[in-house]
Amino acid sequence: MTGPQPLANILKITPYKGGQSLETGWKLSSNENPLGCSPKAQDAAMAAAKTLELYPDGSAAALRQAIGAKYGLDADRIVCGAGSDEIFQLLARAYLSPSDEIVQSQYGFLVYRLVAQQSGAVTISAPEKDLTTDIDAMLERVTPKTRIVFLANPNNPTGTYIPYDEVKRLHAGLPENVLLVVDAAYAEYVRANDYGIGMELAGEMANVLVTRTFSKIHGLAALRLGWAYGPASVIDAIHRTRGPFNVNAVAQAAGIAAINDEEFQARSTNHNTAELLRLSNAIEAAGFKTYPSVGNFILIEFEDRDGRRSSDAEAFLRARGIVIRDVNVYGLSLCLRLTIGTKAANDDVIAALEAFAKL
Ligand SMILES: *Cc1c(COP(=O)(O)O)cnc(C)c1O
């Protein structure tokens, strides 16, 4: 018996593999918030868990209002999803037919390719310079078949970003019928003066959507909560493709508390800014190349010789109870991606890499 056969394009998908965990030790493989989440969000989640028999508000109205109030956005032009990952899937469902194209950057976040494959669409990757998005290379690859351009800014796994002027230049070079999706999952961590998320573009242009997440700065990855802001027509298309209750009630309640807990957000960004600098300097001092990151993680480059490869470093760290992310699937086989952890975790990482350097 052969049984039912999925579509050919579905069978080509290599399922996404999340960061690995350890029984004990430091998990620094998934860019999770080392400070946990807002205590107020946790309380709100516990309170919401008392009425699990009730369906959630399918429109997530209170959550959209809270997000809109915080950022000064029209709540009608916000849509929430089960993580921003779900929003990417819904965009693919709404906008991509087989043999359509998406354009992304060479080391762009893997999920864009996966959602394109679900629709049988083709991913066109634009080469990067110094592991940074190259706008001209992206624009050169836009064809009449292009439907969506995905830009992670800052990008994961590289940690690099492009200035807001470059985002605007990318938008200005796109035909009006091409949707520019700016994935700003790490926006809150960025300290660079020339960075801009793109909210104004999403507010004014007919073809720009910005996606945000509660998984990183808000530390709510377990609940699966993301949102997008953009033109009414794109928001409408997402509403048509989403499940009627796509965001659960616990996530909605926690999200409202989290977005209003500015103290926790400030604590998270302050911790990240200080530890990102400390870790980068210490890793460089130990003799390893790091790429300049504005996110909550660092890409570290290793050598291409026996005993010194990224796989050797990964095994060495693992033996010391530290798990970080291998980025082979991106074609970055020399590199490993390290999430900024607690002070104690980062101390252990520094000590481990210093020891690995002296082997
Ligand atoms: C972590 C991450 C997200 C967030 O995904 P969620 O589904 O919201 O958890 C989105 N984009 C990038 C580039 C990320 O690294």
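Residues numbered from 1 in each chain as written. Predicted model: local features only at pLDDT ≥ 70, side-chain atom pairs only at ≥ 80, totals over all residues. Heavy atoms only, no water.

J.: Could you clarify how one ought to interpret helix H2 (residues 39–48) in this entry?
T.: Because an α-helix completes one turn every 3.6 residues, residues spaced three or four positions apart along the sequence face the same direction. For H2, the complete set of buried residues consists of Ala41, Ala44, Ala45 and Ala48. Down the axis of H2, the smallest arc covering the buried residues is 100°, so these residues share one side. Facing away from the buried side of H2 by over 90 degrees, the exposed positions are Asp43 and Met46. Where H2 begins, the capping side chain belongs to Ser38, and its oxygen is found 3.1 Å from the backbone nitrogen of Lys40. (Buried < 20%, exposed > 50% of the residue type's maximum accessible area, 1.4 Å probe, protein only. Helix = DSSP H or I, 4+ residues; strand = E, 2+ residues; numbered from the N terminus. Arc of directions from axis to C-beta. Polar contact = N/O pair within 3.5 Å; in protein donor to acceptor, adjacent residues only side chain to side chain.)

J.: Could you clarify how one ought to interpret the packing of aromatic side chains in this entry?
T.: Given two aromatic rings, one states the distance between the centres and the angle between the planes to describe the pair. Evaluated as defined, the whole model comprises 13 aromatic pairs. A ring pair is formed by Phe88 and Tyr112, whose centres lie 5.3 Å apart and whose planes are at 90°; its orientation type is edge-to-face. Here Phe88, found in helix H4 (residues 83–95), pairs with Tyr112, found in helix H5 (residues 110–118); they are 24 residues apart in sequence, far enough to count as distant. Under the relative-accessibility criterion, Phe88 is labelled buried at 0%. A relative accessible area of 1% places Tyr112 in the buried class. Ring centres of Phe288 and Phe356 lie 6.1 Å apart, and the angle between their planes is 20°; this geometry places the pair in the stacked category. Of the two residues, Phe288 is situated in the loop between helix H11 (262–285) and strand S9 (289–290) and Phe356 in helix H13 (residues 343–358); the sequence distance between them amounts to 68 residues. Each of the two residues, Phe288 as well as Phe356, counts as buried. Each member of the aromatic cluster is reached from another via a ring pair, and the members are Tyr16, Phe88, Phe109, Tyr112 and Phe150. We note Arg212 situated over the ring of Tyr71; from NZ or CZ to the ring centre the distance is 4.9 Å. Over the ring of Phe297 we find Arg337; its NZ or CZ atom is 5.7 Å from the centre of that ring. (Phe/Tyr/Trp six-rings, centres within 6.5 Å; stacked < 30°, edge-to-face > 60°. Lys NZ or Arg CZ within 6 Å of the ring centre and 35° of its normal.)

J.: Got a minute to help me understand the domain arrangement of the protein chain in this structure?
T.: Per the domain assignment, the segments of the protein chain are domain 1 (8–36 + 263–357) and domain 2 (39–261). Between domain 1 and domain 2, the C-alpha centre-to-centre distance is 24 Å. Facing the 30 residues of domain 1 at the interface are 35 residues of domain 2. Buried area between domain 1 and domain 2, both sides added, is near 2,800 Å², and the carbon and sulfur share of it is 62%. Of all residues in domain 1, Gln265, Val294 and Tyr330 bury the most surface against domain 2, accounting for 26% of the area lost on that side. In this assembly, domain 1 and domain 2 are joined by 15 residue pairs in polar contact (both at pLDDT 80 or more). Among the elements of the structure, helix H1 (8–11), H11 and strand S10 (297–301) are those that each provide at least two residues to the side of domain 1 that touches domain 2. (Domains from an automatic or database assignment. Contact = heavy atoms within 4.5 Å. Buried area = accessible area lost by both parts, 1.4 Å probe.)

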